[in-house]
Amino acid sequence: MHLSKMKGLSGCEKQLLALLPALRAEGWDIRLIILEQRGGPVPAVNVPQRFADSGVPVERLEMGRHGGPVVLARLVQRLRVLEPGLVHTHLIHADVFGALAARLAGVRRLVSTRHGTHPFYTRAPIRQADMFAARLCDQGVAISDFAREFFIANGTFRRERLRTIYYGVNRTGGGDRRPWRERSRCNDEEVVIGVIGRLIPGKGQDVFLEAAAVLGRQGEEKKLRYWIVGDGPERERLCQKAAALGLSDRVTFWGFQEDIPGLLAATDIVCVPTSPRLREGLNLVLLEAGVAGKPVVASRMGPFPEVVVDDQTGVLFEPDSPAQLAGAVRRLALDEPLRARLGAAAARRVPECFSISRAIAAYDRLYRELGLSPSKT
């Protein structure tokens, strides 16, 4: 039984959508309970339906903003009825309430995957609650070595109880560049630099816009186009910032889009300018860009150097620096052979090191180590 709080389609949810059906195909009887916040915003995608459509049996359990005894009691009740051999939790609410509920329900095996390293993990009372939940786990999983070292240093897990299992992506074929470029009236000579992700503080779209303004002052404004893909609470502020910087005719805000392969095909450079203050555990866009054969310009922070090899599969720049980001983008924008070389190297490295088949095999091995076996072989 996997358990996670979900409110939209972000990295964790996308990874579980790839992983859980694949594990079921390998014979594991995988099911899912989704914790949903009562009265929360309506997401653009019906995530529970996506899991159901993929063949994963799913239940929805409503909870208040911070959980509480009611959601704990309901979880205990459902787990006692379902009697799973293992509960596998994701994200802080599921980690804390799921761990306690599993033990109260008599579940013998408990695993937690840690997807992010947000600063709240270091602050009371969350740190104490999370440490308590981790002590109940048979095994913890971190999605990067950076995340693993964070939770070890934080005192959450002992080193021997926490392993790294990277996110995985499927190898994809080359998409058609034309549809999205035609929609934006972008000609073949223009270089498109894209940012894909939620529009929230720390994702770096503001730094991206400031870098675009720097490039405009350097006389590159006629050649470069900037795409921002995603939605969130920062959208209005970012649109206003683009207008204030004189970028309205060069920046396209696409909003939330599901055709990420198509957008990547139409993009020449993928930018991941996340600030260290967001403390991401990994970033799925880095992997998606890699399998699409696109060079990445990414901030040199946290786990990103585990994916992007500087000057081999992409270019790293110092975080929160519009000038450095502008320099890295300009270098790639003016050098098409360099873009091709870095993109080709990324297309080799990412499927080799971060494939979904690797993640499936790693979780299969973990479950077997804990004494479980698939329902069919």
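You'll find the structure just up there.
Since the model is a prediction, treat every value here as computed from it, not as a measurement.

Explain the overall build of the chain to me, using residue names and the numbers behind them.
Helix and strand content of the chain: 15 helices and 13 strands. On the principal axes, the C-alpha backbone points of the chain span a range of 65 × 40 × 40 Å. Put simply, the chain has 377 residues, and 55% of those count as buried. Residue pairs at least 24 apart in sequence account for 73% of intrachain contacts in the chain once pairs closer than 6 positions are excluded. The centroid of the 54 positive side-chain charges in the chain is displaced by 4 Å from the centroid of its 42 negative side-chain charges.

An account of the sheet that holds strand S6 (residues 139-142) is needed here, citing residue identities and associated values.
What the seven strands build is an open sheet, ordered S3-S2-S1-S4-S5-S6-S7; its pairing is parallel. In this open sheet, the two edge strands, each paired with only one partner strand, are strand S3 (58-63) and strand S7 (162-164). Each neighbouring strand pair of the sheet contributes to a mean axis angle of 20 degrees, computed without reference to strand direction. As paired strands, strand S1 (residues 2-5) and strand S2 (residues 32-37) are joined by four bridges and run parallel to one another. Among the inter-strand pairings, lysine 5 is bridged to a residue of S2, identified as leucine 35.

Could you give an account of the pattern of salt bridges, naming the residues involved and the relevant values?
Applying the stated rule across the entire model yields 26 salt bridges. Taking the shortest distance from any N to any O, the salt bridge between arginine 78 and glutamate 59 comes out at 2.8 Å. Taken as a pair, arginine 78 in helix H3 (residues 69-82) and glutamate 59 in strand S3 lie far apart in primary sequence, 19 residues in all. The exposure class of arginine 78 is partly exposed, given its relative accessible area of 26%. Connected via shared salt-bridge partners are Arg24, Asp29 and Arg31.

Give a description of the packing of aromatic side chains that names residues and reports values.
All told, the structure shown has ten aromatic pairs when counted by the stated rule. Geometrically, the ring pair formed by phenylalanine 150 and phenylalanine 151 is edge-to-face, given 5.0 Å between the ring centres and 85 degrees between the ring planes. Under the relative-accessibility criterion, phenylalanine 150 is labelled buried at 11%. Taking relative accessible area as the criterion, phenylalanine 151 reaches 0% and is therefore assigned buried. Between tyrosine 363 and tyrosine 367 the ring centres are 6.3 Å apart and the planes differ by 40 degrees, which places this aromatic pair in the tilted class. Pair noted here: tyrosine 363 and tyrosine 367 are both in helix H15 (residues 356-369), with a separation of four residues, about one helical turn. Tyrosine 367 shares its class with tyrosine 363; the two are buried. The ring of phenylalanine 151 has arginine 114 sitting right over it, with the charged end atom 5.3 Å from the ring centre.

So, how was this worked out
- Numbering of residues starts from 1 in every chain and runs along the sequence as written.
- Reporting of local features is limited, given that this is a predicted model, to residues whose pLDDT is at least 70; pairs of side-chain atoms are given and counted only at 80 or more, and all residues count toward the totals for whole chains, interfaces and linings.
- Side-chain calculation: all heavy atoms of the structure are included, whereas hydrogens and water are not.
- Runs of E in the DSSP output that reach at least two residues are strands. Runs of H or I that reach at least four are helices, and both are numbered from the N terminus.
- Only protein chains enter the accessibility calculation, which uses a 1.4 Å probe. A residue is then buried if its area is under 20% of the maximum for its type, exposed if over 50%, and partly exposed in between.
- Throughout, a residue-residue contact means that at least one pair of heavy atoms, one from each residue, lies within 4.5 Å.
- We score Asp and Glu as negative and Lys and Arg as positive, and we do not count His or the chain ends.
- By convention, charge coordinates are those of NZ in Lys, CZ in Arg, CG in Asp, or CD in Glu.
- A pair of strands counts as paired when DSSP detects no fewer than two bridges linking them.
- Note on method: axes are straight lines fitted to C-alpha atoms, helices fitted across the in-contact stretch only, with angles between N-to-C directions ranging 0 to 180 degrees.
- Take a side-chain nitrogen of Lys or Arg and a carboxyl oxygen of Asp or Glu: if they are within 4 Å of each other, that pair is a salt bridge.
- Within 6.5 Å between ring centres, the rings of Phe, Tyr and Trp (the latter by its six-membered ring) count as paired, and their orientation is classed by plane angle as stacked under 30 degrees, edge-to-face over 60, tilted in between.
- We count a charge as sitting over a ring when the NZ of a lysine or the CZ of an arginine lies within 6 Å of the ring centre and within 35 degrees of the ring normal.

The analysis is restricted to geometry; functional conclusions fall outside its scope.
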